[in-house]
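Chain by chain, the residues run as shown.
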Amino acid sequence: MFAAENGLKGDPRLQGISEAIRVVPHFPKPGIMFQDITTLLLDHKAFKDTVDIFVDRYRDMDISVVAGVEARGFMFGPAIALAIGAKFVPLRKPRKLPGEVISEAYELEYGTDCLEVHVGAVEPGERAIVIDDLVATGGTLSAAIRLLERSEAEVVECACVIGLREVKGQCRLNGKPLYILVEPRQIENCC
């Protein structure tokens, strides 16, 4: 579900967020229109608006865990967690966490990858959201959901700054809702 379809239709913050995201054509390979959120992070107002919209959504949902997907989920997750009184739990790539971990492998278009979480970082029964910058196929979010559910957390929702209108992998999210702020931007007359 897009924020504009959930009470924020016409909200100028969404346009500001979208415009703050730089589009880099043909990166990292030809045909890809890379959505670069680093320019969003440089824009204080757009960055704050992004965090504020998520905080407004989750403040009264009794969320105790904000799980951020490496690496760009780390840029939004901690601020959201602090504002709603939850803990931030990083979901890392393999061999990045020093303690005992639980791992969850997942398929990519070009191979496989894995997410890990520290054992004990999430307690049974805790209510969690998963945050990332962008969703395209849903594979990473699906792995994050499975990882948290293996820790017996209740995953309430996944949230992304950018998402395709028809997320190909939404059915892969095990019935979990998906909240998206903006659609990917395109560049007119590009290459």
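Summary of the structure given here. (Residues numbered from 1 in each chain as written. Predicted model: local features only at pLDDT ≥ 70, side-chain atom pairs only at ≥ 80, totals over all residues. Heavy atoms only, no water.)

Some words on the overall build of the chain
Defined as follows: By definition, any uninterrupted DSSP run of H or I lasting at least four residues is a helix, any uninterrupted run of E lasting at least two residues is a strand, and each is numbered from the N terminus. Each radius of gyration is computed over the set of C-alpha atoms, and the globule rule expresses the reference value as 2.2 Å times the number of residues to the power 0.38. Each residue gets one of three labels from its accessible area relative to the maximum for its type: buried under 20%, exposed over 50%, partly exposed in between, using a 1.4 Å probe on protein chains only. Whether two residues touch is decided by their heavy atoms; if any such pair falls within 4.5 Å, the residues are in contact. Note on areas: Shrake-Rupley with a 1.4 Å probe; residue coverage comes only from the protein chains shown. None of His or the chain ends enter the tally, which takes Lys and Arg as positive and Asp and Glu as negative. Taken as the charge location is NZ of Lys, CZ of Arg, CG of Asp or CD of Glu.
Across its full length, the chain carries five helices and nine strands. Computed over the C-alpha atoms, the radius of gyration of the chain is 16 Å, within 12% of the 16 Å expected from 2.2 N^0.38 for a compact globule of 191 residues. A burial count over the chain gives 45% of its 191 residues as buried. At a minimum sequence separation of 6, the contacts of the chain that also span at least 24 residues come to 61%. Surface summary for the chain: the accessible area is close to 9,600 Å², and the carbon and sulfur share equals 52%. Across the chain, the centroid of the 22 positively charged side chains sits 3 Å from that of the 28 negatively charged ones.

Notes on the sheet that holds strand β8 (residues 154-163)
Counted only if it meets this: At least two DSSP bridges between two strands are needed for those strands to be called paired. For helices, the axis comes from a line fit to the C-alpha atoms of the stretch in contact; other axes are also lines fit to C-alpha atoms, and the angle between any two N-to-C directions lies between 0 and 180 degrees.
In space, the five strands of this open sheet follow the order β4-β3-β7-β8-β9, with parallel pairing throughout. Both edges of this open sheet fall to β4 (87-91) and β9 (178-182), since each of them pairs with a single strand only. Geometrically, the sheet is characterised by an average inter-axis angle of 25° between neighbouring strands, direction not taken into account. Relative to β4, strand β3 (residues 65-69) runs parallel, the two being bridged by five bridges. By the bridge assignment for β4, V66 is matched with F88. Set on the sheet, helix α1 (residues 12-20) makes contact with β8 and β9; between it and β9 the angle comes to about 75°.

A look at the nonpolar core
Note that soluble globular proteins tend to have their nonpolar side chains buried in a common cluster. What counts here: We call a set of buried residues a nonpolar core when its members are Ala, Val, Leu, Ile, Met, Phe, Trp, Tyr or Cys and they connect through side-chain atoms within 4.5 Å of each other.
Counting 30 residues, the largest nonpolar core has F54, V66, I80 and L181 as the members making the most contacts within it. Counting only elements with at least two residues in this core, the list comes to α1, α3 (44-58), α4 (73-84), β7 (127-135), β8 and β9. Non-local contacts of L181, meaning those with residues more than four positions away in its chain, are made with F2, A3, L14, I17, T50, I53, F54, C160 and V161.

A word on α4
The condition that has to hold: For a helix, the expected span equals 1.5 Å multiplied by the residue count minus one. When we speak of the arc, we mean the arc of directions from the helix axis to the C-beta atoms.
An ideal rise of 1.5 Å per residue puts 16 Å on 12 residues; α4 measures up with 16 Å between its terminal C-alpha atoms. Taken residue by residue, α4 has G73, F76, G77, I80, A81 and I84 as its buried positions. For α4, the arc enclosing every buried residue in end-on projection is 130°, short of the 170-degree limit, so these residues lie on one face. If you follow the buried residues of α4, they end up packed against α2 (38-42), α3, β3, β4, β7 and β8.

Topic: the packing of α1 against α3
What counts is decided by this rule: Roughly parallel refers to an angle under 35 degrees, roughly antiparallel to one over 145, roughly perpendicular to one between 65 and 115, and oblique to any angle outside these ranges. Two helices crossing with the near one rotated counterclockwise from the far one by less than a right angle form a left-handed crossing, whereas a clockwise rotation gives a right-handed crossing.
Closest axis-to-axis distance for the α1/α3 pair is 9 Å, and the angle between their directions is 130°. Regarding the angle of α1 to α3, the classification is oblique. The handedness of the crossing between α1 and α3 is left-handed. Residue-level inspection shows R13, L14, G16, I17 and A20 of α1 in contact with α3, the latter providing A46, D49, T50, D52, I53 and D56.

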